[in-house]
Amino acid sequence: MFANLLARFGISQSRIEPSRWVVLDVETTGLDPSRDRLLAIAAIAIEVGPGFTKPTIVIGGSFEAVLKQDLASDKDNILVHHIGVGAQTAGRPPVEVLEDFRQWVGSSPLLAFHAPFDQGMITRAYKRFGLSPLANDWIDIEPLAAVSGIHPKARALDDWLQFFGIECSVRHQAAADTLATCELLLCLWNSIRKEAKSLAELKNLAKAGAWIPRA
């Protein structure tokens, strides 16, 4: 029905830009997506205005959950993400978290700083628990930052946060990192928009930026 209505007005569905995007971050037991486990997901929705105008953070549009672990991660790992043994073993059932996240995300594109890692960890978690993986678009913010030309020496997220004076209340804590990443995207937006004025162009820009030497 919706498709027929669009056709009546001569509007192609492919031209409709999703206005709701999701910026996310994960906490894990390590840095190997093929072996380590997903501990927590935090995400914030942002709204992109008509004409690809600067996004705004959706007040109250957030998701945060710790996945219950049968065995908590080691002490050194806990010192990084601050999710203690009690919080890990008392988390929500993983299948419940993952399906709730799927429902909350909907069809929104997913963005993260170093997105391939987040995507790998989340995809592995869905497969581990016998669930179909998310079919959403993924966009890496790191190469978008690199092609902006604003701070050529920046490599890590910390470099960018320091450059723009963005405060992260608890670094390496998923919710705090996600909010800081949202703020970084907003700071980069005017430069990004000079090169991309649609989601498809943004995806291509991120892919091209991934090939830029970081030496």
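Up top is the structure these notes are about.
Residues numbered from 1 in each chain as written. Predicted model: local features only at pLDDT ≥ 70, side-chain atom pairs only at ≥ 80, totals over all residues. Heavy atoms only, no water.

## Focus: the overall build of the protein chain
Here is the rule: Secondary structure follows DSSP: runs of H or I at least 4 residues long count as helices, runs of E at least 2 residues long count as strands, and numbering of each begins at the N terminus. The buried label goes to any residue with under 20% of its type's maximum accessible area, the exposed label to any with over 50%, and the partly exposed label to all in between, with areas taken from a 1.4 Å probe on protein chains only. Two residues qualify as a contact provided that any one of their heavy atoms is within 4.5 Å of a heavy atom in the partner residue. For the area figures, the Shrake-Rupley method with a 1.4 Å probe applies, and any residue is considered shielded solely by the protein chains shown. Counting rule for charge: Lys and Arg are taken as positive, Asp and Glu as negative, and neither His nor the chain ends is counted. Note that the charge is assigned to NZ on lysines, CZ on arginines, CG on aspartates and CD on glutamates.
Within the protein chain, the secondary structure is distributed over 9 helices and 5 strands. Each helix (α) and strand (β) of the protein chain, taken in turn from the N terminus, gives the series α-β-β-β-α-α-α-β-α-β-α-α-α-α. Across its three principal axes, the protein chain shows a C-alpha extent of roughly 55 × 45 × 30 Å. Residues classed as buried in the protein chain amount to 43% of the 215 residues present. In the protein chain, of all internal contacts separated by at least 6 residues, the share reaching a separation of at least 24 is 67%. Summing over all exposed atoms, the protein chain offers an accessible surface of approximately 11400 Å²; the carbon and sulfur share of this is 56%. Side-chain charges in the protein chain split into 22 positive and 24 negative, and the spacing between the mean points of these groups amounts to 6 Å.

## Topic: the environment of A45
Position of A45 relative to the elements: it lies in strand β2 (residues 38-49). Note on A45: relative accessible area 2%, which makes it buried. Sequence separation of A45 and K203 is 158 residues, and the distance between their C-alpha atoms is 18 Å. Dropping the residues within four chain positions of it, A45 is found in contact with R20, W21, V22, T56, I57, V58, G61 and W104.

## Some words on the sheet that holds strand β3 (residues 53-66)
To keep things clear, this is the line we draw: Here, any two strands with at least 2 DSSP bridges between them count as paired. Lines fitted to C-alpha atoms define the axes, with helix axes restricted to the stretch in contact, and inter-axis angles between N-to-C directions lie between 0 and 180 degrees.
The mixed open sheet is built from 5 strands, whose spatial order is β3-β2-β1-β4-β5. A single partner strand is all that each edge strand has here, and the edge strands are β3 and β5 (138-140). Neighbour-to-neighbour, the strand axes of this sheet turn through a mean angle of 30 degrees, independent of strand direction.

## Observations concerning the packing of aromatic side chains
This is how it is decided: Here is the rule: rings of Phe, Tyr and Trp (six-membered ring for Trp) pair when centre to centre is within 6.5 Å. Planes less than 30 degrees apart are stacked, more than 60 are edge-to-face, and the remainder are tilted. Here, over-ring charges are defined by two tests on the NZ atom of lysine or the CZ atom of arginine: distance to the ring centre within 6 Å, and angle to the ring normal within 35 degrees.
With the rule as written, the count across this model stands at 9 aromatic pairs. When the ring of W160 is compared with that of F164, the centres are 6.1 Å apart and the planes differ by 20 degrees; the resulting orientation is stacked. Of the two residues, W160 and F164 are both situated in helix α7 (residues 157-164); the distance of 4 residues between them amounts to about one turn of the helix. In textbook terms, an aromatic cluster arises when at least three aromatic residues are bridged by ring pairs, as seen for W21, F52 and W189. It is R20 that lies over the ring of W104; its NZ or CZ is 4.6 Å from the centre.

## Digging into the pattern of salt bridges
Pairing is possible between side chains that carry opposite charge, provided their charged atoms lie close to one another. Rule in force here: In the sections that follow, a salt bridge refers to a side-chain nitrogen of Lys or Arg positioned within 4 Å of a carboxyl oxygen of Asp or Glu.
The full count for this structure, using the stated rule, is 4 salt bridges. For R92, the salt bridge identified is with E96, shortest N-O distance 3.0 Å. The class for E96 is partly exposed, based on a relative accessible area of 39%. Its salt-bridge partner being R92, residue D100 comes within 2.3 Å of it at the nearest N-O pair. The exposure class of D100 is partly exposed, given its relative accessible area of 35%. The structure contains a network of salt bridges with shared partners spanning R92, E96 and D100.

## A few points about helix α4 (residues 94-105)
Since the α-helix turns once every 3.6 residues, residues separated by three or four places project in the same direction. Inclusion rule: What a helix should span is 1.5 Å times the count of its residues minus one. The arc in question is traced by the directions running from the helix axis to the C-beta atoms.
Between its terminal C-alpha atoms α4 stretches 16 Å, which fits the 16 Å expected from 12 residues at 1.5 Å a residue. Of all the residues in α4, the buried ones are P94, V97, L98, F101 and V105. All buried residues of α4 lie within an arc of 95 degrees about the axis, which places them on one face of the element. Residues of α4 that are buried sit in contact with β1 (20-28), β2, β3, β4 (110-112) and α5 (115-128).

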